[in-house]
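# Structural characterization, general
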Amino acid sequence: MELFDSLKYKIIRRNIKIVFPEATDPRILGAAVRLKADELVNPILVGNKAEVSEKAKSLGYQADSFTILDPNDYPEWDAMVESFVERRKGKATKEQAESILKDPNYFGTMLVYMGKADGMVSGAIHSTGDTVRPALQIIKTKPGVSRTSGAFLMVRGRDQEKYLFSDCAINVNPGAQELAEIAVESAKTAALFDIEPKVAMLSFSTKGSAKADEVTKVQEATRIAKELDPTIELDGELQFDAAYVPSVAAQKAPESDVAGKATVFVFPELEAGNIGYKIAQRFGGFEAIGPILQGLNQPISDLSRGSNEEDVYKLTIITAAQTLLK
Ligand SMILES: CC(C)(COP(=O)(O)OP(=O)(O)OC[C@H]1O[C@@H](n2cnc3c(N)ncnc32)[C@H](O)[C@@H]1OP(=O)(O)O)[C@@H](O)C(=O)NCCC(=O)NCCS
């Protein structure tokens, strides 16, 4: 089954509620209309009801059947303010909360936190920081995960060659423990896309071929990741060719079960990860889908500002599928 057919099959008619804080953007409205018509998610639009309806009408859509929630006229506003102050434990006063929660990303994130929605998709007109920060502060990471990270699903060709790359979006220079957690979360994310996770901890060294602090970090992360979840097929440190090319693996890491067969590639720091996925995308002809934020208690997704309606549609399907991950 094609990737998105398989994901749609997982989420269809489950009434998964996804919040869209950027509801007057035509790309968001267009995707929301399609997602609802296809019975894949139940969209919650954030904004002024009249404004959102007007915008929808001008684009030829009917917004009457949508749930539209307005931070300036929300029946459970007081409960939301109280819940936010409680969650931020001394980091925001009631007055500050009243102002912060008018921001659609904070408001949308609180809807998820309070269980009014299952996930959120934003970032079509907001920066990564503005989209992700409310989630880091409110939704927070799952127990045992100290950092959220951003994975990219890399897909190529008709036969849907699929890999997962991470972290390509969030942590500039993760330590060994963080890198290990990123690897464990990446294995779970890969499984969501029916990728059998074989995790390569990437480096510029294979099995001690080079000596440097950077190499030691990846060796340490490999050890910790194996401790965190001994059931995952994971190995390191591996250079990309040793991880990906069977003949190189046979030479450089003959003992490894992962080398030459890796499907999940964990980069040692953000520079490598971000540059790496873009090289695969632009030179290698892969479609790069993401960043898919992993490790949060509930899924929040950050669109690129260059996204089109189809990108919004697809990332929302992924976000909805993530709500089924435990
Ligand atoms: C994600 C990002 C925006 C967060 O930045 P920030 O808001 O300055 O982060 P802060 O250090 O002020 O932390 C804000 C809160 O988030 C938490 N946090 C920050 N990074 C986190 C992470 N990776 N995982 C979990 N929590 C995190 C902090 O603990 C803090 O929580 P608190 O307020 O409850 O104490 C930042 O890490 C970033 O800019 N990363 C690079 C993104 C980027 O440019 N990517 C490029 C390609 S898309």
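What counts and how
Residues numbered from 1 in each chain as written. Predicted model: local features only at pLDDT ≥ 70, side-chain atom pairs only at ≥ 80, totals over all residues. Heavy atoms only, no water. Helix = DSSP H or I, 4+ residues; strand = E, 2+ residues; numbered from the N terminus. Rg over C-alpha atoms; globule rule 2.2 N^0.38 Å. Buried < 20%, exposed > 50% of the residue type's maximum accessible area, 1.4 Å probe, protein only. Contact = heavy atoms within 4.5 Å. Lys, Arg positive; Asp, Glu negative; His and termini not counted. Charge placed at Lys NZ, Arg CZ, Asp CG, Glu CD. Salt bridge = Lys/Arg side-chain N within 4 Å of Asp/Glu carboxyl O. Pairing = 2+ DSSP bridges. Axes fitted to C-alpha atoms, helices over the stretch in contact; angles between N-to-C directions. Parallel < 35°, antiparallel > 145°, perpendicular 65-115°, else oblique. Left-handed = near helix turned anticlockwise from the far one by under 90°. Nonpolar A, V, L, I, M, F, W, Y, C, P; charged D, E, K, R; others polar. Domains from an automatic or database assignment. Buried area = accessible area lost by both parts, 1.4 Å probe. Near = heavy atom within 4 Å. Polar contact = N/O pair within 3.5 Å; in protein donor to acceptor, adjacent residues only side chain to side chain. Areas by Shrake-Rupley, 256 points an atom, 1.4 Å probe, with all protein chains shown as cover. Patch = residues over 30% accessible without salt bridge, like charges linked within 9 Å, V, L, I, M, F, W, Y side chains within 5 Å.

With that settled, the discussion passes to the overall build of the protein. On a plain count of helices and strands, the protein comes out with 13 helices and 11 strands. Compactness check: the protein gives a C-alpha radius of gyration of 21 Å against a globular reference of 20 Å for 326 residues, within 12% of the reference. Dimensions along the principal axes, computed over C-alpha positions, put the protein at roughly 65 × 50 × 30 Å. Taken over 326 residues, the protein has a buried fraction of 53%. Sequence separation of 24 or more characterises 73% of the internal contacts of the protein that already satisfy a separation of 6 or more. In the protein, which carries 39 positive and 46 negative side-chain charges, the distance between the mean positions of the two groups comes to 1 Å.

Here we come to the side chain of Ser83. Locating Ser83 in the fold gives a position in helix H4 (residues 77–87). Residue contacts for Ser83: discarding those within four places in its chain leaves Met110, Tyr113 and Met114.

We now examine the pattern of salt bridges. Per the stated rule, a full pass over the model turns up 18 salt bridges. Across the pair Glu309 and Arg34 runs a salt bridge, and its minimum N-O distance is 3.3 Å. Highlighted residues: Glu309 in helix H13 (residues 309–322) and Arg34 in helix H2 (residues 26–37), separated in sequence by 275 residues. Its relative accessible area of 28% is what places Arg34 among the partly exposed residues. The partner of Glu76 in a salt bridge is Lys116, and the shortest N-O contact between them spans 3.0 Å.

In this section: the sheet that holds strand E11 (residues 300–302). Note on sheets: strands pair through backbone hydrogen bonds, and any given pair is parallel or antiparallel. Pairing is parallel across the open sheet formed by five strands, whose spatial order is E3-E2-E1-E4-E11. Bordering the open sheet on either side are strand E3 (67–69) and E11, each of which pairs with just one other strand. In this sheet, neighbouring strand axes are inclined to one another by 25 degrees on average, regardless of whether the strands run parallel or antiparallel. Relative to strand E2 (residues 42–46), strand E1 (residues 17–20) runs parallel, the two sharing four bridges. Paired with Lys17 across the strands is Asn42, a residue of E2.

Moving on to the pairing of strand E6 (residues 161–166). The side chains of a regular strand alternate, first on one face of the sheet and then on the other. Of all six residues that make up E6, five are buried, and the element is covered over most of its length. Relative to strand E9 (residues 264–266), E6 runs parallel, the two being bridged by three bridges. Note on E9: the bridge partner recorded for Leu164 is Val264.

Below, the discussion takes up the packing of helix H1 (residues 3–11) against H13. The contact between H1 and H13 brings their axes to 9 Å, and the two run at 50 degrees. Judged by the inter-axis angle, H1 sits oblique to H13. Between H1 and H13 lies a crossing whose hand is left-handed. Facing Phe4, Leu7, Lys8 and Ile11 of H1, the residues of H13 in contact are Tyr313, Lys314, Ile317, Ile318, Ala320 and Ala321. Taken together, the residues that form the contact of H1 with H13 break down as eight nonpolar, no polar and two charged.

Glancing now at the domain arrangement of the protein. The domains assigned to the protein are domain 1 (3–140 + 298–322) and domain 2 (149–287). Taken over C-alpha atoms, the centre of domain 1 sits 31 Å from the centre of domain 2. Listed by partner, the interface residues are nine residues for domain 1 and nine residues for domain 2. Surface buried jointly by domain 1 and domain 2 totals about 730 Å² across both partners, of which 64% is contributed by carbon and sulfur atoms. Put simply, domain 1 and domain 2 have two salt bridges between them.

What follows concerns the site of the ligand. Neighbouring the ligand are 15 residues; Arg88, Lys91, Arg133, Thr148 and Ala169 lie closest to it. Backbone polar atom of Ala169 to a nitrogen atom of the ligand: 2.8 Å apart, as the coordinates give it. A distance of 3.0 Å separates a nitrogen atom of the ligand from a polar atom in the backbone of Ile170. Protein contact buries 61% of the 940 Å² of open area that the ligand shows by itself. Broken down by element, the residue count for the shell around the ligand peaks at five residues, all from helix H7 (residues 128–139). Within the shell around the ligand, the residues separate by chemical class into three nonpolar, eight polar and four charged. Per-domain counts for the shell around the ligand show at least three residues from each of domain 1 (3–140 + 298–322) and domain 2 (149–287).

Below, the discussion takes up the sheet that holds strand E5 (residues 149–156). The sheet built from six strands is open, its strands ordered E8-E7-E9-E6-E5-E10 with mixed pairing. Of all the strands in the sheet, just strand E8 (233–238) and strand E10 (287–294) have a single pairing partner and so form its edges. On average, each strand axis in the sheet is inclined to that of its neighbour by 20 degrees, with strand direction left out of account.

Before going further, it helps to spend a moment on a nonpolar patch on the surface. A cluster of nonpolar side chains, contributed by Ile275, Ile279 and Phe283, occupies part of the molecular surface with about 370 Å² of accessible area. Tracing the backbone shows Ile275 in helix H12 (residues 270–282).

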